[in-house]
Amino acid sequence: MTHVVITGTGLYTPEHAIDNAALVAAFNAWVDSENEHHAGAIARGESEPLAHSSSEFIEKASGIKSRYVLDASGILDPQRMRPKLPQRGNDETSTQCEMATAAAQQALTTAKVDAADIELVIVACSNLERAYPAVAVEVQQALGTSGYGFDMNVACSSATFALETAANAIASGSVKRALVVNPEICSAHLNFRDRDSHFIFGDACTAVVLENSAIAVADEQFEILGTRLVTQFSNAIRNNAGFLNRVTDSDPLALDKLFVQEGRRVFREVCPMVAKLITDHLASLELTGGDLKRMWLHQANRHMNDLIARKVLGYDPSETQAPIILDRYANTSSAGSIIAFHLHREELVEGDIGVICSFGAGYSAGSVVIRRL
């Protein structure tokens, strides 16, 4: 029987960081400008004034204190309020490929694997910067890997869905080593003029090397005991940007072409779904929540993570058991649970069991149970 192990992870973090205070200052400056522009209508009762945001509101609602982004100046400009990235030519390395190779090189070094020995590359993330050619094939060329590559998108669950796909490819014998990368540029799809969500996302890229355990030589190895995925259609989290926009004559700048969610509904529906997924998955492996030393959960909202962990463990999780990284990274979509795993695993000892779990739009959720070897 082929055993699949995770032997290396990598993390690319952009150099620009925006704390809540700076983000709020830009948002409130825009609000003041809008309220002044519509002062007459507001005075006549024809429209409501826009409300200010605050650092206290953001942290209470989400637990987020800061976020890394590819560009801060455009986001903090009240006249623009979106990143400003230079357009790259067709012969230049794409932004996501650049992020992916940086994270991948770190993961390969940790795994003690040469790029040429990777036979499968999966680029999995919420948004891809182009339809084709696949970013994964570009990453394959940039790194010098062999075999093949492809892109996939399951929103915030993209990383765990890709981990199962890669693990299955190794278990079947079709490849011996695989690389999963998650280049998330979430700031590009965020509406920085929406008080309820302007603070949610940040940018980052993660990478994971998976291998057949028979050939792995890394100092640190985590055996994948099992994977489980679930999807359930919902419009509660949606983004309507797509290639059909131009032929349906829809407004390319309409609010629905950016991230939109019904936050309270998402909380109410997703938390029990994810807790059940993990609990049932553990049971299928003859494990319980009490066997978990670590839960590396999707980093969207502190309250969601606490509730899910409490349902699985049966008690309030400690900072060690369910580490939080969204306070400084914010929601990085599919990269979030992998960032948590990357930064919070070194003290685990042989035999310790943990779960990597992501969840998001779709709805979708993925559970990957692993054991330290």
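Residues numbered from 1 in each chain as written. Predicted model: local features only at pLDDT ≥ 70, side-chain atom pairs only at ≥ 80, totals over all residues. Heavy atoms only, no water.

### Overview of the UniProt feature "domain: Beta-ketoacyl-[acyl-carrier-protein] synthase III N-terminal" (unreviewed entry) in the protein
When the UniProt feature table is mapped to this numbering, "domain: Beta-ketoacyl-[acyl-carrier-protein] synthase III N-terminal" (unreviewed entry) covers residues 150–230. Overall, residues 150–230 shows 19% helix and 38% strand. The separation of its end C-alpha atoms is 21 Å. (UniProt positions renumbered as here; feature names shortened; annotations may be inferred. Helix = DSSP H or I, 4+ residues; strand = E, 2+ residues; numbered from the N terminus.)

### Some points on the environment of Thr279
By secondary structure assignment, the location of Thr279 is in helix α7 (residues 263–284). You can call Thr279 partly exposed: its relative accessible area is 36%. Considered as a pair, Thr279 and Val312 are 33 residues apart in the sequence and their alpha carbons are 6.1 Å apart. (Buried < 20%, exposed > 50% of the residue type's maximum accessible area, 1.4 Å probe, protein only.)

### Remarks on the sheet that holds strand β8 (residues 222–231)
Across the sheet, which stays open at both edges, the nine strands sit in the order β5-β4-β6-β7-β1-β8-β13-β12-β11 with mixed pairing between neighbours. Looking along the sheet, the strands with just one partner apiece sit at the ends: β5 (148–152) and β11 (292–297). When strand polarity is set aside, the average angle formed by the axes of neighbouring strands in this sheet is 25 degrees. Pairing analysis gives nine bridges linking β8 to strand β13 (residues 364–372), with the strands arranged antiparallel. In the strand pairing of β13, Phe222 is matched with Arg372. In this fold helix α4 (residues 95–111) packs onto β1 (4–12), β6 (177–185) and β7 (203–212), with an angle of close to 130 degrees to the strand it touches most, β1. Here helix α10 (residues 335–343) sits on the sheet and contacts β1, β6, β7, β8, β11, β12 (353–360) and β13; the angle it forms with β1, its principal contact strand, is near 100 degrees. (Pairing = 2+ DSSP bridges. Axes fitted to C-alpha atoms, helices over the stretch in contact; angles between N-to-C directions. Contact = heavy atoms within 4.5 Å.)

### Points about α4
In this model α4 runs 25 Å from its N-terminal to its C-terminal C-alpha over 17 residues, within 8% of the 24 Å that 1.5 Å per residue would give. Positive backbone phi, at 60 degrees, marks Lys112, one or two positions downstream of α4. (Expected span 1.5 Å × (residues − 1).)

### Considerations on the side chain of Ser66
The topology assignment puts Ser66 in strand β3 (residues 66–69). Side-chain polar atoms of Ser66 contact the backbone oxygen of Ile18, separated by 3.1 Å. The residues contacting Ser66, other than those within four sequence positions of it, are Ala17, Ile18, Asp19, Asn20, Leu326, Asp327, Arg328, Tyr329 and Ala330. (Polar contact = N/O pair within 3.5 Å; in protein donor to acceptor, adjacent residues only side chain to side chain.)

### Examining the packing of α4 against helix α5 (residues 135–143)
For the pair α4 and α5, the least separation of the axes is 9 Å and the interaxial angle reads 50 degrees. Accordingly, the angle class assigned to the pair α4 and α5 is oblique. For α4 against α5, the interelement crossing comes out right-handed. Every residue of α5 that contacts α4 at Gln96, Cys97, Ala100, Thr101, Ala104 and Gln105 is listed here: Val135, Glu138, Val139, Ala142 and Leu143. Grouping the amino acids of the contact of α4 with α5 by side-chain chemistry returns seven nonpolar, three polar and one charged. (Parallel < 35°, antiparallel > 145°, perpendicular 65-115°, else oblique. Left-handed = near helix turned anticlockwise from the far one by under 90°. Nonpolar A, V, L, I, M, F, W, Y, C, P; charged D, E, K, R; others polar.)

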